[in-house]
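# Reading the structure
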Amino acid sequence: MKNEKSTATPFWRDTRVIPILLQILFVVIVVIVGTFLFTNAMTGLDRLGIKFGFDFLSNTAFFDIGEKEIEYTPKDSYFRAYLVGIVNTIKVGIAGIILASIVGVLVGISRLSNNWLVRKVSTIYVEIFRNTPLLVQIFIWYLAVILQFPKIEEEMNLGPFFISNRGTALPWFDATSGSLLWIIFSIVGLIAAVVIRSRLINKQIETGKITHPGLWSIAVFIGTLLLALLITRSAPFTLDYPSINGRLYEGGYTLTTGFQAMLLALVVYTSTYIAEIVRGGIQAVSKGQVEASKALGLKNSTTMSKVIFPQAIRIIIPPVTSQYLNLIKNSSLAMAVGFPELVYVSQTVLNQTGRAIENITLVILVYLTLSVITSIIMNIFNKKFQLVER
Amino acid sequence: MPHMSSQANLQQPQKRAETPPPKTSVGVIGWLRQNLFSSWANSLLTVIVGTAAFFLLKAIFTWVFFGAEWHVVSNELNFLLIGRYPEEEVWRIWTLLLFFHALLGLSWGFGKGIMNSIAYTIGGLLFISMLLPFIEMSTRIWIIANLATLISFFFIGHKFPKVKKITFVGWFLSFPIVIFFINGLGILPNVSTNLWGGFMLNILLAVVAIVCSFPLGILLALGRRSKLPIVKYFCVIYIEVIRGIPLITVLFMAKFMLPLFTGGIEVDEVVGAMVALTMFSAAYMAENVRGGLQSLPRGQFEASQALGLNSTYTTVFVVLPQALKAVIPAIVGQYIAIFKDTTLVLIIGLLDILEIGLSMIAKPEYIGLDMEVLVFGAVVFFIFCYLMAHVSRRLEKSLSVGNR
Amino acid sequence: MKKSILVLLSVFLLASIALVGCSSSEESTESSVLDQIKDRGVLNAGINGELPGFSYLDDGDYVGFDVDFAKAVAAAILGDANAVEYSPLTASERFTALQTGAIDLLSRNTTWTTSRDVDLGLNFGGVTFYDGQGMMVRADSDVNTLTDMNGMIIAVETGTTTELNLADQMAKLGVSYQPQTFDNQEAAIAALEAGSVDAFTTDKSGLVSRLSTMADSDQYKILDDTMSKEPLGPVVAGGDDKMADLTRWVLNALIQAEELGITSENVDSFLSSDDPVIQRLLGTDGNLGEQLEVSSDFAYQAIKQVGNYGEIFERHLGEGTVFNLDRGLNDLYTNGGLLYSPPFR
């Protein structure tokens, strides 16, 4: 059959062949352009006497990084320096995502408040921070807000918190010998509590008897924690309180100025976008739902948490995911305020090693990985909420 | 029901005499009661938010009118707006503005509606800058000429709706005209791109990125939905990779890596930045367009196939117009984003408004005036971004998309 | 039908390979940087752009010591000191810009080190400014030497030798400190002025330059300690000796001119000089310019349009300026400095 047909019409007019030809043409163009660029780069590097490769990563870095979550000294390798940068990017990313979500949801709901003043204030907040460039905001937060905090000699002291233009110090957890056991026990207890709760709920639905699932699950969880206390005979962690020694903070956990400025800017900027998404999501829930729950005599807060929000969240999650991705990518602007995240570290490494292509490739790969991980996590969330629906 | 609300009471006429008169819901007090003090929780909220807002406003007011030293902005206004563009060639920018105001006036004349807010904002800006005390006389004359052009062309457009065609042609040609005037292209004295700067550079970069990324984005979106696997995966990879990396990485590649890859061919810095912004924006644009394409019901494709349209006609005349209309808000949102993102070019050393501002506060006479310069930059961006967002909302309403 | 596709595919692949072969063979006849500059008629120079005295924007034009050197090179190659396009670069961008050919000449207070010269594929064109790393602290602090700096936060520019020296020096002295890196000096200075960091370290000339622009300059002091040798000089891309040679000899010409007492004002009167040394320098005799592949009066143009080394120094950094820098090491060897030009012969 096929053979007959192909002899009947010339192959360049066959609708099945044309797409293939087009694609081959496309591939050829891409290959030619790609090879042209590649050979140019290689000859260029050759002329300079630079070899392409990633082996430089094991060389000693020699530069210090101000803010690090993992052990690092100038004697460590470039690879280790990269890790420090990646961890810092993740740190600002996670903190930013959590805070921006909280602020964003609050502002989004405020924009629909029946209180006129709250509505106007939240609208102004959104319009101002949405319509100005993030980089300008970062500079304003850093130069005009964070650096204007009191000097360390006259620091503000709010309970265990210290605030100065050296950064903000807060109490932090310190692991004890029993910490690991505590963690294991609390995870086991949590799983047991969740399992018991869902079992009891099922039972309640089947039999109609009241089984107190909430009470039981809490009791199980507290029981496991008590068991952990009996075995370890110590608290899960001790709190390490910060103090000021000379001109530095000691103990606790210090949020540096660069980190604070970056976090503030990212949270404020992203929260305006999240607020608009949340508002849109809530408004998209049909009015009938609200009226129905009012007719059932549900309180306003119950209507919001049990009726509107579960439906709105399905609309909200996909666009919020891309805002989370934007937040992570925008954290690369931290180089403006000296917070050593991924791009910042890569610039320093690049400057010392001169390996432009390799460093850019590394940065791109790390960002793509972070994006993929974030997308996967958000997809899991998305699936979960889609199932909750009917 | 164990408990009855006062509203339920009202609906029972026989009991009306016993209930107190309904709370007034008209007049100032009624409005206040309804909107600010409807319950004790609401009243508390009003008081807290109101107090906070009052003190914030007071602080901002005192700073703007008494604390801030605006001479840094007034002295260097030219520099902030047009950068190092040679003084003797500034007339070109003014002429361009005249051209645009003429077009705007014409469009305003027969367009009305949405054009109103644009024209009022631009006219208002011109009017305010005309009244500024510190500008030179020649500048003032140019501004007045611009304002006059805007208004007179409004009346022309209003009286003769036939100029519509000319106006569209004008808008269409405006892009090459801009490049010609600003650069010179050999006919006028050449002003090389490294003298382009200030807010003008931000606008130029944004306009080029917006204009060029639009068709590119549509192509990518169509490619992504194409049945040809190679084309499809190429588009998918391009879109996802670009969307996965920060803009500064793309800009950095454009400035420092492009010369390496192109061999002997030299790429102008500003052009490089334009290419980077365009390529970056196109990936996002493609996703927006794809969203519009997906929102179209299958019936549209089937109907046009039934009419015997081939796939090109279906795409161009049936699918795309509807798809684009559905995602206008998203597209404008992307335009606003790319406009704001033009400030990032300072990282590759271009003298945009932010870089010029930052370099100014390094000068001895302006030390410590960071806030003034940064706030000025923020306000300039705010005006244009807010205007774009506003127009997009109006457009959305008039096309009645968005409220599904 | 399948066969025809296979045939077509192979034809296309062959064609593309052939095309690629063509494109890569074209590559081998690439012109040198010097020729590119001449064709273009403009020198692309990378500068700091934010360092008063060395290169910064003044009334819309870049001025300073480093800028003048770029102008001298442009005058030597193109005969026009103003045929320069400046690219302001941060410390961490500068080498990539050179390597990829985005700029022809880097005149941006860059320290000459082994690894930069060898591993980064760069060529240094001599030393325009002998410097050392210094430390700036608040005047009212009780810090007098580096050893007093225990437990302090020190601001440092990222991607610089000073960042590396700081780690070295403090480790040697056993001083524990906390570095805070900045991508530009503006942010570092802002942090120092606000008291967010205790000290700022960079080249001493940079510190002096900064100090001159600070609002309350008497509030700060520069420690006497010099932490390192910082020979700053112009850089060009490696693998292209012509450009490196030219840069080096333009610098030598500026130094030689000062030694001979030739300035931008009196250079014309030297054109008729009988001294063969002067004749060779100014190109009235010999073919030194031809050897460097520029016009024979390249040194004359540089001196005439920009001035000799001493003039440039005095114009931007010397006594008449806010910086009031001593010539120190940056004086002719005859005056106890390190400037010494090899003979023009």
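Residues numbered from 1 in each chain as written. Chains lettered and ligands numbered in written order. Predicted model: local features only at pLDDT ≥ 70, side-chain atom pairs only at ≥ 80, totals over all residues.

### A word on the overall build of chain A
Counting its regular elements, chain A contains 12 helices and eight strands. Principal axes of the C-alpha set define a box for chain A whose edges measure 75 × 70 × 50 Å. Here the contacts in chain A between residues at least 6 apart in sequence split such that 67% fall between residues at least 24 apart. (Helix = DSSP H or I, 4+ residues; strand = E, 2+ residues; numbered from the N terminus. Contact = placed C-beta atoms within 7 Å.)

### Quick look at the overall build of chain B
Along chain B, the regular secondary structure elements total 18 helices and zero strands. By the burial criterion, 35% of the 404 residues in chain B qualify as buried. Partitioning the intrachain contacts of chain B with sequence separation of at least 6 by distance along the chain shows that 74% fall at a separation of at least 24. (Buried ≥ 20, exposed ≤ 12 C-beta atoms within 10 Å, placed from the backbone.)

### Regarding the sheet that holds strand β8 (residues 253-255) of chain A
Residue and element names in this part refer to chain A. Here four strands make up an open sheet; going across it, the order is β1-β2-β3-β8 and the pairing antiparallel. Two strands close off the open sheet at either side, each with one partner strand: β1 (156-158) and β8. Neighbour-to-neighbour, the strand axes of the sheet open up by a mean angle of 20°, direction not taken into account. (Pairing = 2+ DSSP bridges. Axes fitted to C-alpha atoms, helices over the stretch in contact; angles between N-to-C directions.)

### Some thoughts on the nonpolar core
Ile-138 and Met-262 of chain A, Leu-251 and Ala-273 of chain B together with Ala-76 and Ala-302 of chain C are the most contacted members of the largest nonpolar core, which totals 249 residues. Not counting chain neighbours up to four residues away, the residues in contact with Ile-138 of chain A comprise Ala-261, Met-262, Ala-265, Leu-333, Ala-336 and Val-337 of chain A. Judged by nonpolar contacts, the second largest core, of 14 residues, contains Leu-103, Leu-126, Ile-143 and Phe-153 of chain B. (Core = buried A, V, L, I, M, F, W, Y, C linked by C-beta atoms within 7 Å.)

### A word on the UniProt feature "transmembrane region" (unreviewed entry) in chain A
Residues and elements named next belong to chain A. The sites that carry the UniProt feature "transmembrane region" (unreviewed entry) are, in the present numbering, residues 20-38, 81-107, 128-149, 180-201, 213-231, 251-269 and 360-381. Taken end to end, residues 128-149 is 68% helix and 0% strand, and its two terminal C-alpha atoms sit 23 Å from one another. Across residues 180-201 one finds 100% helix and 0% strand; the C-alpha atoms that close the span lie 32 Å apart. (UniProt positions renumbered as here; feature names shortened; annotations may be inferred.)

### A word on the interface of chain A and chain C
With 46 residues of chain A in contact, the opposing surface of chain C contributes 45 residues. Elements represented by at least two residues in the side of chain A that touches chain C include exactly α1 (2-8), α2 (17-48) and α11 (342-353) of chain A. Ranked by residues supplied to the side of chain A that touches chain C, first place goes to α2 of chain A with 14 residues. Among the residues forming the side of chain A that touches chain C, the class breakdown is 23 nonpolar, 17 polar and six charged. (Nonpolar A, V, L, I, M, F, W, Y, C, P; charged D, E, K, R; others polar.)

### Notes on the environment of Glu-206 of chain A
For Glu-206 of chain A, the location among the structural elements is in helix α6 (residues 179-207). On the basis of neighbour count, Glu-206 of chain A is assigned to the exposed category, with 8 C-beta atoms found within 10 Å.

### Notes on the pairing of strand β13 (residues 229-237) of chain C
Residue and element names in this part refer to chain C. When you tally the buried positions in β13, you get seven out of nine residues, the bulk of the element. The pairing of strand β6 (residues 105-111) with β13 spans three bridges and is classified as antiparallel. Looking at the pairing, Leu-106 lines up with Val-235 of β13. Two elements, strand β7 (residues 122-124) and β13, share three bridges in a ladder whose sense is antiparallel. The residue bridging Leu-122 from the neighbouring strand is Ala-237, located in β13. In this sheet, β13 lies alongside strand β8 (residues 129-138) in antiparallel orientation, the contact comprising four bridges. Of the residues in β13, the one forming a bridge with Tyr-130 is Pro-231.

### With respect to the sheet that holds strand β2 (residues 50-51) of chain C
Residues and elements named next belong to chain C. Taken in spatial order, the three strands of this open sheet run β2-β3-β4, and their pairing is antiparallel. For this open sheet the edge positions go to β2 and β4 (61-63), each flanked by a neighbour on one side alone. Summarising the sheet, strand β3 (residues 55-58) and β4 pair through three bridges and their orientation is antiparallel. Bridge pairing in β4 places Leu-57 opposite Tyr-62.

### Brief notes about the interface of chain B and chain C
The partner chain C presents 20 residues to the 20 residues of chain B that form the contact. Those elements that provide at least two residues to the side of chain B that touches chain C are α12 (247-261) and α17 (353-360) of chain B. Top element by residues in the side of chain B that touches chain C is α12 of chain B. It accounts for five residues. Grouping the constituent residues of the side of chain B that touches chain C by class yields nine nonpolar, seven polar and four charged.

### Quick word on the confidence of the model for chain B
One rule of thumb: low pLDDT means the predicted coordinates there are not for detailed reading. All names here are of chain B. Considering every residue of chain B, the mean pLDDT works out to 81; 90% of them sit at 70 or more. Taken as a whole, residues 4-11 scores under 50 in pLDDT and shows six contacts with residues more than four places along the chain or in a different chain. Two summary scores accompany this predicted model of the complex, namely pTM at 0.83 and ipTM at 0.85. (pLDDT = per-residue confidence, 0-100.)

### Brief notes about unusual backbone geometry
Residue Phe-62 of chain A is not a glycine yet carries a positive backbone phi of 70°. Among the structural elements, Phe-62 of chain A can be located in the loop between α2 and α3 (78-110). Phe-62 of chain A sits in the partly exposed class, given 18 other C-beta atoms within 10 Å. Phi at Glu-293 of chain C takes a positive value of approximately 65°, unusual for a residue other than glycine. Topologically, Glu-293 of chain C is positioned in the loop between α12 (288-291) and α13 (298-305). With 16 C-beta atoms packed within 10 Å, Glu-293 of chain C lands in the partly exposed category.

### What to know about the packing of helix α3 (residues 65-78) of chain C against helix α9 (residues 241-260) of chain C
Residues and elements named next belong to chain C. Interaxial distance between α3 and α9 falls to 10 Å at its minimum, and their mutual angle equals 110°. In terms of orientation, α3 and α9 fall into the roughly perpendicular class. Residue-level inspection shows Ala-72, Val-73, Ala-76 and Ile-77 of α3 in contact with α9, the latter providing Leu-246, Thr-247, Val-250 and Leu-254. In terms of residue class, the contact of α3 with α9 is made up of seven nonpolar, one polar and no charged. (Parallel < 35°, antiparallel > 145°, perpendicular 65-115°, else oblique.)

### Focus: helix α3 (residues 40-67) of chain B
A rise of 1.5 Å per residue sets the reference length of α3 of chain B, with its 28 residues, at 40 Å; its end C-alpha atoms lie 38 Å apart and thus fit the reference within 8%. Within α3 of chain B, only one of the 28 residues are buried, which leaves the element largely exposed. (Expected span 1.5 Å × (residues − 1).)

### Observations regarding the confidence of the model for chain A
Residue and element names in this part refer to chain A. Taken over all residues, the pLDDT of chain A has a mean of 84, while the share at 70 or more is 95%. Model confidence for chain A, summarised as mean pLDDT per element, is weakest for α1 at 50 and strongest for α3 at 94. Here residues 1-6 is a poorly scored stretch, pLDDT under 50, and it has four contacts once near neighbours within four places are set aside; other chains count.

### Observations regarding the pairing of β8 of chain C
Residue and element names in this part refer to chain C. Counting buried residues along β8, seven of its 10 residues qualify, which places the element largely inside the surrounding structure. Across five bridges, the pairing between β8 and strand β11 (residues 199-203) is antiparallel. Bridging across to β11, Gly-134 finds its partner in Thr-202. Where β8 lies against strand β12 (residues 220-222), three bridges are found, and the strand directions are antiparallel. Opposite Met-136, over in β12, you have Ile-222 as the bridge partner.

### Points about the environment of Val-126 of chain A
Residue and element names in this part refer to chain A. In this structure, Val-126 sits in helix α4 (residues 116-130). What makes Val-126 buried here is the crowd of 21 C-beta atoms within 10 Å. In this structure the C-alpha to C-alpha distance between Val-126 and Phe-36, which are 90 residues apart in sequence, comes to 47 Å.

### Thoughts on the packing of helix α5 (residues 134-145) of chain A against helix α18 (residues 370-398) of chain B
Running from N to C, α5 of chain A and α18 of chain B point in directions that differ by 155°, and their axes come no closer than 10 Å. With respect to each other, α5 of chain A and α18 of chain B are oriented roughly antiparallel. Every pair of crossing elements has a handedness; the one defined by α5 of chain A and α18 of chain B is left-handed. Note on element contacts: α18 of chain B touches α5 of chain A through Asp-370, Met-371, Leu-374, Gly-377, Ala-378 and Phe-381 of chain B, opposite Val-136, Phe-139, Ile-140, Leu-143 and Ala-144 of chain A. (Left-handed = near helix turned anticlockwise from the far one by under 90°.)

### Quick look at the environment of Glu-265 of chain C
Tracing the backbone shows Glu-265 of chain C in the loop between α9 and α10 (267-270). In this structure the C-alpha to C-alpha distance between Glu-265 of chain C and Lys-304 of chain C, which are 39 residues apart in sequence, comes to 7.1 Å.

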